[in-house]
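# Fold and geometry: a report
Chain by chain, the residues run as shown.
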Amino acid sequence: DKGNHRHFMAKEIHEQPEVISHTLANYIDMGEATVSVPDFGVDASTLSRATISACGTAYYAGLVGKYWIERYARLPVEIDVASEMRYREPPMTAGGLALFVSQSGETADTLAVLRHARAEGQRVASVVNVRTSTIARESDVALPTLAGPEIGVASTKAFTCQLSVLACLAIGLGRARGVIDREQERALVQSLVEVPRHISNILRNESQYEAIASLLSKARDVLYLGRGTSYPLALEGALKLKEISYIHAEGYAAGELKHGPIALIDENVPVIVVAPKDALFEKTVSNMQEVASRGGQIILISDADPEEVGCRVAAHIAMPKATEFASPLLYAVPVQLLAYYTAVAMGTDVDQPRNLAKSVTVE
Ligand code: M6R
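The present account deals with the structure reproduced in this document. This is a predicted model, so every value here is computed, not measured.

### Things to note about the packing of aromatic side chains
Going through the model one piece at a time under the given rule, you end up with 5 aromatic pairs. Seen from their ring centres, Trp68 and Phe325 are 5.2 Å apart, and the 55° between their planes marks the pair as tilted. On the criterion of sequence distance, the pair formed by Trp68 in helix α3 (residues 56–73) and Phe325 in the loop between β12 (315–318) and α13 (327–346) is long-range, its members being 257 residues apart. The buried category is assigned to Trp68, whose relative accessible area is 2%. With relative accessibility at 2%, the residue Phe325 sits in the buried group. A connected cluster of aromatic rings, assembled from ring pairs, spans Trp68, Tyr72 and Phe325.

### What to know about the sheet that holds strand β7 (residues 141–144)
Strand order across the open sheet formed by 5 strands is β4-β3-β5-β6-β7, with parallel pairing between neighbours. Whereas interior strands pair on both sides, the edge strands pair on one side only; in this sheet they are β4 (77–81) and β7. Across this sheet, the average inter-strand angle for adjacent strands is 20°, counted without regard to direction. Sheet analysis places strand β5 (residues 97–102) next to strand β6 (residues 123–128), joined by 6 bridges and oriented parallel. What sits directly across from Val101, in β6, is Val127. Along the sheet, helix α5 (residues 108–119) contacts β3 (50–54), β5 and β6; its crossing angle with β5, the most-contacted strand, is approximately 165°.

Cut-offs and rules
Numbering of residues starts from 1 in each chain and follows the order in which that chain's sequence is written. Only residues with pLDDT of at least 70 are given local features in this predicted model, and only at 80 or more are side-chain atom pairs given and counted; all residues enter the totals for whole chains, interfaces and linings. Just so you know, side-chain values use all the structure's heavy atoms and leave hydrogens and water out. Any Phe, Tyr or Trp ring, taking Trp's six-membered ring, that has another such ring centre within 6.5 Å forms a pair; planes under 30 degrees apart are called stacked, those over 60 apart edge-to-face, and the others tilted. The numbering of helices and of strands both runs from the N terminus, where a helix is a DSSP run of H or I of at least 4 residues and a strand a run of E of at least 2. Think of it in three bands: residues with accessible area under 20% of the maximum for their type are buried, residues over 50% are exposed, and the middle band is partly exposed, with areas taken using a 1.4 Å probe on protein chains only. In this description, strands pair whenever DSSP reports at least two bridges between them. Helix axes are fitted only over the stretch in contact, all axes being lines through C-alpha atoms; the angle between N-to-C directions runs from 0 to 180 degrees. We call two residues in contact whenever any of their non-hydrogen atoms come within 4.5 Å of each other.

These figures capture arrangement, not role.
Okay, here's the thing in structure tokens:
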């Protein structure tokens, strides 16, 4: 049932405040503002490495998780798409933690890496939406996302719920490893608790997307740029647009622009810049100026005032002020909406895009 929405994807985008709240409540003690993550059966303080593997959108969630776990738990994280890690069969130090992210819990490549990790003596944890799935069953610890059934082939609410769990996991590991103290934990938890309210506000400003989507729908190619945790968001934005609007899109780390993709920029290439006003903002501003001086059409997604970027932007999606830690959860929403409205403008089958299956159970 789509409720009042035209597509399941729209319904699922709008469910995010609620399902993120449910998911967070599963890992957070709201009274104490602390997290509790299940015991993995490994001593977090002596852990030397974690390995993350997943496919598609779940992989991008894992990539944000890597940035968080490295930063807040000071634990080195290896990450790769499951279809590569599967045949690479990387050596894994016995007793390490292997983490898998999957909405369906049935993705063949992800499951194959899970079995490799087990053979390599890893403790296996997985962030899964379907609790009865094969990946959940074959894990030592399943960390559920409480997104509810996701019908749209393009993953939306599952992604932000995966981020919610990975954020809690990073905090939990950070505490267990003595990297963050109780006060820091409370502050991080507090910023997660505010996410559903921020997303509700973002969803109240939906009317601006149609005009931007009409610009995107005329493009042949679209670039997405971001730095730090906004880099996986750029990748996710590009994947969403490709999947449902069939417009060619690439996500790039903003710093890679001058190593090649800048050659593509002209007035016909919209460049979507995911740039919260964080520690890396000024760096991304320089990249925006490089794009603008070559005539690129910038669509800025930011809580900063567009005046601060010192160049012309074609459109600005104004974001609420949030902490650096919570920002990937917020910035997921405008990239979903841009893809959604562009697909609607193109008249494609939003919920059942061509050539795609919801669950990829064959390699
Ligand atoms: O069920 P999974 O999370 O393991 O699926 C992984 C990918 O197939 C999935 O995220 C795919 O990339 C989506 N269609 C993205 O919107």
